[in-house]
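Next come the chains, spelled out residue by residue.
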Amino acid sequence: MEITKICCIGAGYVGGPTMAVIAQKCPHLTITVVDLNQERIDAWNDENTDNIPIFEPGLSAVVAETRGKNLFFSNAVEKAIEEAQIIFISVNTPTKTYGKGKGMAADLKYIELCARQIAKVAKDNKIVVEKSTLPVRTAEAIKSILDNTGNGVQFQILSNPEFLAEGTAISDLLHPDRILIGGDQTAEGQKAIQALTDIYANWVPRDKILTTNVWSSELSKLTANAFLAQRISSINALTELCEKTGADINEVARAIGMDSRIGPKFLKASVGFGGSCFKKDILNLVYIAKSYGLNETAAYWEQVIIMNDHQKKRFADKIVKTLYNTVAGKKISFLGWAFKKNTNDTRESAAIYIADDLINEQAAVCVYDPKVNQKKILSDLDYLETRSSQENAANVQSFDNPFEACQGAHAVAVLTEWEEFAHYDWKKIYDAMQKPAFVFDGRNILNKKEMQKIGFVYHGIGS
Ligand code: UDX
């Protein structure tokens with residue numbers, strides 16, 4: 001089968017950037033990214049590529065270069081599916097909020113809808129690629145829907161998990177550590193693997209393209225995220241002990257990170273990890289383990305989440321406790337709302353949970369984030385369903401300027417590690433705050449000694 005056209009279902013944080021890079025590196029292919037959400041597609045098609053719906057360093061330039069040439073964003077889902085030889089499924093797989101597996105299992109509703117839509121419109125053989133992180137054995141479900149169309153069309157299902165991290169998506173896509181492709185071990189399966197390998201080989205060295213079976217590929221993705229999150233929870237699990245005993249977690253991380261077996265990455269103590277993947281993937285892993293009766297395995301990985309929840313909770317508790325056990329009516333200013341720097345994504349961001357706890361204590365939360373607006377902040381809080389939208393709106397206010405956000409505050413809390421925060425005129429912020437002026441640095445990005453010299457009461461994480 002000659003590959004000339006690719007379709008990607010889902011124009012989100014994975015589908016958009018991945019297809020933009022494939023389009024840039026494979027000018028001989030035509031790529032159409034489809035999504036049911038008209039507003040999102042319109043934003044991807046905005047004349048000014050700075051207005052595309054996802055902020056990622058370098059993305060707007062790649063879109064400007066390829067869009068309208070061999071990269072298209074469209075709502076014509078069925079047409080794009082029908083014409084493509086390869087279809088990527090890149091829709092979101094949130095954790096189930098109802099029924100069996102509620103709060104743990106992945107909700108495969110959207111995946112199933114995609115499979116049914118492909119089954120309905122496909123007239124010739126297709127390769128279907130799972131790009132979304134899915135629980136092990138999802139491919140089997142997709143296959144069973146596709147194989148029962150009765151119209152003689154042959155489908156090959158590949159698992160091709162994406163390992164890009166937000167904020168560095170374009171460089172991760174251009175220089176991946178590895179590409180993983182799982183497929184059937186049959187001759188047809190191997191041909192499909194080869195077709196996808198050939199696409200990546202346009203810019204990725206072949207020795208970095210690993211091929212395996214579908215199940216191993218699916219499980220590798222969950223395992224990679226579980227390991228990464230586990231490192232953060234492991235270092236965070238020692239921060240409280242450091243705070244009690246006078247050790248400094250940054251020093252501990254540096255010392256252990258120089259052991260080449262441990263390595264220095266993903267050892268940064270923080271207010272807790274966020275993002276759409278870590279929690280969801282671990283819950284998924286836990287759910288799968290439990291469903292096979294593997295309770296010790298499930299409990300081991302669940303602890304990574306428990307520790308992360310504790311880290312967020314204790315940050316909020318510490319603010320309340322330090323501010324003389326009450327924050328009622330006090331202005332607490334947040335620097336950062338995104339789950340990490342260089343992204344406008346806020347999913348599972350620690351800031352949401354800390355704001356929720358502080359609002360319960362009747363604090364007035366003021367937020368400045370360079371990429372997140374008031375509408376998003378309120379919808380994140382509303383999503384928790386702790387209180388009414390009106391109450392959330394009355395308790396949280398966002399600002400376009402960090403100095404205004406901090407004016408008159410009793411405390412400033414750093415929730416995201418945006419680099420600009422470290423370079424502010426902190427003396428100016430201090431002068432406009434209530435005294436004593438408290439800073440809770442949830443990312444350890446400020447210089448403790450300098451902050452203390454200005455007059456701040458400084459609290460970092462784990463020191
Ligand atoms: C993650 C994986 O890294 C990526 O491979 C996968 O494809 C998707 O999930 P992402 O969620 O975009 O990517 O961001 P990541 O850089 O992994 O950070 C996740 C969270 O952990 C952030 O909230 C970050 O601030 C936090 N973190 C990260 C720490 O608190 N300490 C660290 O040392 C590293």
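Residues numbered from 1 in each chain as written. Predicted model: local features only at pLDDT ≥ 70, side-chain atom pairs only at ≥ 80, totals over all residues. Heavy atoms only, no water.

Caption draft 1: Representation of unusual backbone geometry in the model. Residue Pro436 is bonded to the preceding Lys435 through a cis peptide linkage, with omega at -5°. Mapped onto the elements of the fold, Pro436 is located in the loop between α18 (426-431) and β13 (438-441). Residue Phe266 is not a glycine yet carries a positive backbone phi of 60°. One can find Phe266 in the loop between α11 (249-257) and α12 (278-291). By relative accessible area, Phe266 is classed as partly exposed at 40%. One non-glycine residue, Tyr324, adopts positive backbone phi at about 60°. The residue Tyr324 is located in the loop between α13 (295-322) and β9 (331-335) in this model. (Helix = DSSP H or I, 4+ residues; strand = E, 2+ residues; numbered from the N terminus. Buried < 20%, exposed > 50% of the residue type's maximum accessible area, 1.4 Å probe, protein only.)

Caption draft 2: Spotlight on the sheet that holds β9. Taking strand neighbours across the sheet as the criterion, the six strands line up as β11-β10-β9-β12-β13-β14 in an open arrangement whose pairing is parallel. Two strands bound the open sheet, and with one partner strand each, they are β11 (396-398) and β14 (457-459). If you compare each strand with its neighbour and ignore which way they point, the axes differ by 20° on average. With four bridges connecting them, β9 and strand β12 (residues 411-414) associate as parallel partners. Opposite Ser333, over in β12, you have Val412 as the bridge partner. Across the face of the sheet, helix α14 (residues 350-360) comes into contact with β9, β10 (364-368) and β11 while running at roughly 180° to β9. In the packing of helix α15 (residues 374-384) onto the sheet, the strands contacted are β10 and β11, and the crossing angle to β11 comes to about 155°. (Pairing = 2+ DSSP bridges. Axes fitted to C-alpha atoms, helices over the stretch in contact; angles between N-to-C directions. Contact = heavy atoms within 4.5 Å.)

Caption draft 3: Fine view of the side chain of Asp369. As for its placement among the helices and strands, Asp369 is situated in the loop between β10 and α15. Although buried, Asp369 forms no salt bridge, and the nearest oppositely charged side chain, Lys371, lies 8.2 Å from it. In terms of polar contacts, Asp369 uses its side chain to reach the backbone amide nitrogen of Lys371, at 2.8 Å. At 3.1 Å, the side chain of Asp369 and the side chain of Trp418 are in polar contact. With residues near it in sequence (within four places) discarded, Asp369 still touches Gly336, Trp337, Ala338, Thr416 and Trp418. (Lys, Arg positive; Asp, Glu negative; His and termini not counted. Salt bridge = Lys/Arg side-chain N within 4 Å of Asp/Glu carboxyl O. Polar contact = N/O pair within 3.5 Å; in protein donor to acceptor, adjacent residues only side chain to side chain.)

Caption draft 4: Fine view of the nonpolar core. Formed by 60 residues in total, the largest nonpolar core has its most connected members in Phe334, Trp337, Leu358 and Trp426. The leading source of residues in this core is α14, at seven residues. Once residues within four sequence positions are removed from consideration, Leu358 is found in contact with Ala316, Ile319, Val320, Val327, Ile332, Phe334, Ala363 and Val365. Among the nonpolar cores identified, the runner-up in size contains 43 residues, and Tyr13, Met19, Leu59 and Ile199 belong to it. (Core = buried A, V, L, I, M, F, W, Y, C linked by side-chain atoms within 4.5 Å.)

Caption draft 5: Focus on the pairing of strand β4 (residues 86-89). Side chains of β4 alternate between two faces, with Ile86 and Phe88 and Ile87 and Ile89 buried alike. Direction of pairing for strand β1 (residues 5-9) relative to β4: parallel, over a ladder of four bridges. When the sheet's bridge partners are listed, Cys7 is paired in β4 with Ile87. In the sheet, β4 pairs with strand β5 (residues 126-130) via four bridges, with the strands oriented parallel.

Caption draft 6: How the structure looks around the domain arrangement of the chain. Considered domain by domain, the chain is made up of domain 1 (5-212) and domain 2 (252-459). If you average the C-alpha positions of domain 1 and of domain 2, the two centres end up 32 Å apart. Opposite the 22 residues of domain 1 that make contact, domain 2 presents 21 residues. Summed over both sides, the interface between domain 1 and domain 2 buries roughly 1,700 Å², with carbon and sulfur atoms accounting for 52% of that surface. Where domain 1 packs against domain 2, one counts one salt bridge. Counting every contact that joins domain 1 to domain 2 gives five residue pairs in polar contact (both at pLDDT 80 or more). Considering only residue class, the side of domain 1 that touches domain 2 consists of twelve nonpolar, seven polar and three charged. (Domains from an automatic or database assignment. Buried area = accessible area lost by both parts, 1.4 Å probe. Nonpolar A, V, L, I, M, F, W, Y, C, P; charged D, E, K, R; others polar.)

Caption draft 7: How the structure looks around the UniProt feature "domain: UDP-glucose/GDP-mannose dehydrogenase C-terminal" (unreviewed entry) in the chain. The positions UniProt marks with the feature "domain: UDP-glucose/GDP-mannose dehydrogenase C-terminal" (unreviewed entry) are residues 333-448. As annotated, residues 333-448 has a helix share of 35% and a strand share of 16%, and its two end C-alpha atoms lie 18 Å apart. (UniProt positions renumbered as here; feature names shortened; annotations may be inferred.)

Caption draft 8: Broad picture of a nonpolar patch on the surface. Together, Val252, Ile256 and Ile262 give the surface a local cluster of nonpolar side chains, amounting to about 190 Å² of exposed area. Here Ile262 lies in the loop between α11 and α12. (Patch = residues over 30% accessible without salt bridge, like charges linked within 9 Å, V, L, I, M, F, W, Y side chains within 5 Å. Areas by Shrake-Rupley, 256 points an atom, 1.4 Å probe, with all protein chains shown as cover.)

Caption draft 9: Looking closely at the site of the ligand. Close contacts around the ligand come from 21 residues, with Phe163, Glu166, Ser270, Phe339 and Arg443 the closest. A distance of 2.7 Å is found between an oxygen atom of the ligand and a backbone nitrogen or oxygen belonging to Glu166. The backbone of Gly274 places a nitrogen or oxygen atom 2.9 Å from an oxygen atom of the ligand. Protein coverage of the free-state accessible area of the ligand, which is 660 Å², stands at 91%. Sort the elements by how many residues they give to the shell around the ligand and helix α9 (residues 214-236) lands first, with four residues. For the shell around the ligand, the class distribution of residues is eleven nonpolar, three polar and seven charged. (Near = heavy atom within 4 Å.)

Caption draft 10: The state of the cysteines, seen in detail. For the coordinates displayed, the defined rule picks out zero disulfides. Summary of cysteine pairing: Cys8 is not part of a disulfide, and the nearest cysteine sulfur, belonging to Cys7, is at 7.0 Å. A relative accessible area of 0% places Cys8 in the buried class. The thiol of Cys26 is not disulfide-bonded; the next cysteine sulfur, from Cys8, is found 14 Å away. (Disulfide = S-S within 2.5 Å.)

Caption draft 11: Region of the structure containing the packing of α9 against α12. At a closest axis distance of 9 Å, the pairing of α9 and α12 adopts a crossing angle of 115°. Crossing of α9 against α12: the hand is left-handed. Of α12, the residues touching α9 (which contributes Leu219, Lys221, Leu222, Asn225, Ala226, Leu228, Ala229 and Ile232) are Phe278, Asp281, Ile282, Asn284, Leu285 and Ile288. (Left-handed = near helix turned anticlockwise from the far one by under 90°.)

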